[in-house]
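# Residue-level structural notes
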Amino acid sequence: MQIRKAVFPVAGLGTRFLPATKASAKEILPVVDKPLVQYAVKEAIAAGAEEMVFITSHTKNSIMDHFDRDYELESVLEADGKQELLTAVKDVLPDGINCVYIRQAEQKGLGHAIRCALPAVGDQDFTVILADDLIANGFQPVTAQMHRVYQGYGTSVVAVQRVPESETHKYGIVQAREIEPGVSEIEKIVEKPDPSEAPSNLAVVGRYILSPRIFRLLDKTGFGAGGEIQLTDAIHTLMSEQTVLAYEFEGVRYDCGSKLGYLQANVEMGLHHPEIGDEFRNYLKDFASNLD
Ligand code: G1P
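Residues numbered from 1 in each chain as written. Predicted model: local features only at pLDDT ≥ 70, side-chain atom pairs only at ≥ 80, totals over all residues. Heavy atoms only, no water.

### Examining the site of the ligand
- Neighbouring the ligand are the residues Leu-110, Leu-130, Asp-133, Tyr-171, Gly-172, Glu-191, Lys-192, Val-204, Gly-206, Tyr-208, Gln-230 and Thr-232.
- Backbone polar atom of Gly-172 to an oxygen atom of the ligand: 2.9 Å apart, as the coordinates give it.
- Note that an oxygen atom of the ligand is positioned 2.6 Å from one of the backbone N or O atoms of Val-204.
- When the ligand is considered free in solution it has 380 Å² of accessible area, and contact with the protein chains removes 76% of it.
- Among the elements that take part in the shell around the ligand, strand S11 (residues 202-210) stands out by supplying three residues, more than any other.
- A per-class count over the shell around the ligand returns five nonpolar, four polar and three charged. (Near = heavy atom within 4 Å. Polar contact = N/O pair within 3.5 Å; in protein donor to acceptor, adjacent residues only side chain to side chain. Areas by Shrake-Rupley, 256 points an atom, 1.4 Å probe, with all protein chains shown as cover. Helix = DSSP H or I, 4+ residues; strand = E, 2+ residues; numbered from the N terminus. Nonpolar A, V, L, I, M, F, W, Y, C, P; charged D, E, K, R; others polar.)

### Thoughts on the pattern of salt bridges
- Considering all chains together, one arrives at 16 salt bridges under this definition.
- Of the charged contacts in the structure, one is a salt bridge between Asp-219 and Arg-115, with a shortest N-O distance of 2.4 Å. Residue Asp-219 is located in helix H8 (residues 213-219), and its partner Arg-115 is located in helix H5 (residues 110-115); the two are separated by 104 residues in the primary sequence.
- Here Arg-115 falls in the partly exposed class, since its relative accessible area comes to 25%.
- Because the salt bridges share partners, they merge into one network encompassing Arg-115, Arg-216 and Asp-219. (Salt bridge = Lys/Arg side-chain N within 4 Å of Asp/Glu carboxyl O. Buried < 20%, exposed > 50% of the residue type's maximum accessible area, 1.4 Å probe, protein only.)

### Notes on the packing of aromatic side chains
- A complete count under the given rule lists seven aromatic pairs for this structure.
- On the basis of an interplanar angle of 15° and a centroid distance of 6.2 Å, the ring pair of Phe-280 and Tyr-283 is categorised as stacked. Of the two residues, Phe-280 and Tyr-283 are both situated in helix H11 (residues 277-289); the distance of three residues between them amounts to about one turn of the helix.
- Residue classification places Tyr-283 among the partly exposed positions, given a relative accessible area of 45%. (Phe/Tyr/Trp six-rings, centres within 6.5 Å; stacked < 30°, edge-to-face > 60°.)

### Overview of the side chain of Ser-211
- Among the structural elements, Ser-211 can be located in the loop between S11 and H8.
- A distance of 3.5 Å separates polar atoms of two side chains, one belonging to Ser-211 and the other to Gln-242.

### Let's talk about the nonpolar core
- Of all hydrophobic cores here, the largest spans 35 residues; its most connected members are Val-7, Phe-126, Tyr-208, Ile-214 and Ile-235.
- Other than its neighbours up to four places away in sequence, Tyr-208 contacts Leu-110, Phe-126, Thr-127, Val-128, Leu-130, Met-146, Val-157, Val-158, Leu-231 and Ile-235.
- Grouped together as the second largest cluster of nonpolar side chains are 19 residues, Ala-25, Phe-54, Ile-63 and Ile-129 included. (Core = buried A, V, L, I, M, F, W, Y, C linked by side-chain atoms within 4.5 Å. Contact = heavy atoms within 4.5 Å.)

### A look at the side chain of Glu-51
- As for its position among the elements, Glu-51 is in strand S4 (residues 51-56).
- Setting aside chain neighbours within four positions, we find Glu-51 in contact with Arg-4, Lys-5, Ala-6, Asn-98, Val-100 and Ala-120.

### Structural notes on a negative patch on the surface
- A contiguous patch of negative charge, built from Asp-65, Asp-68, Asp-70 and Glu-72, is present on the exposed surface.
- Tracing the chain through its elements places Asp-68 in the loop between helix H2 (61-66) and helix H3 (71-79). (Patch = residues over 30% accessible without salt bridge, like charges linked within 9 Å, V, L, I, M, F, W, Y side chains within 5 Å. Lys, Arg positive; Asp, Glu negative; His and termini not counted. Charge placed at Lys NZ, Arg CZ, Asp CG, Glu CD.)

Note that all results are geometric; they support no functional claim without further evidence.
As C-alpha cells, this is what we get:
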C-alpha cells in the first residue's frame, strides 16, 4: 500500500504577505534558499510519492516554472563549473517525478481545492500537504512518519499537534481516543471552534492521508466555517463510514502562513544550514547580546 500521489493546494491568495505576494505565489517565498513549496514536494518524495498534483490558480505560474527544467540555466552552470548549484537546480524535481497542475477557478475553500484533485488522483488513497505548514524533520519527514501509521492501520490519517487553548479558532480541532502512543482514533473534528467550544486543544496541521471516498463526500459538503467548503467537514462525515486516525508527529512546525512563523522558520533553518549556519549563529549571538 504505497501512496503514489501527493496533492498540494496552492491556489490561495496569500493576502497576509502582501505586497510580497502581489505578483508571485506565497508558496514561492523562500525559507533560506528554497521556496516553501519545494520543502513540501521534497517531503512527499521522501515518503515515496511519485506524482505531485498542484491545485493552482492563474496567479501561480511561478510554481509551474519552478518545477520545470531550465536547460539554459543548467548549461550556464555547467559551463561555469558550478557543480553544486547545478545539482541543487536539478534536484528541484528528481527524475521519475511527475507534476500535474489543475486550476481551481474559484476560491471556495480547502475542501473545494481538494475536490479539484479528483481527475488526477482517481480511486486511490492520497496524501495532502499544505506548504504553509513547514515541518522540520523529527526522526524522519512527517509525511513518511504518517505513511508508517497508514501502513499499519490501512486507513486515513491526519497530523495533529497541541496548540494553546486560546488558538483553537485558527485550526481544525479533534477529540480523539488514544490507541497507541501518538496514534488516536478521531471521535470528533470541528473546524476553527471558539476556545469556549473546542473539544480539546489537539489541532490539525496541514498533512493528511485520505481515502478517495472523501471526493464524493466533498460533493455533498456545504459551506462551513468562514463561508468555505471545509475539508474538516468532509472528514467528519468520512468518520461515520471509516476510521480516521490522528497522529501526533515528531518535528517542529512553523506556521509560514504568518509573518512570525515565517521569520522563525528562516532563523531556525538558517542556523542549521550547512553553508551559513555557523556564521549566522555567531551573528545572532552577537546581535541578541545587544538587544534590550
Ligand atoms: C487549514 C484547515 C485547518 C487546519 C489548518 C492547518 O486551515 O482548514 O483545519 O488546522 O489548515 O494549517 P487554514 O490555515 O488554511 O485556514
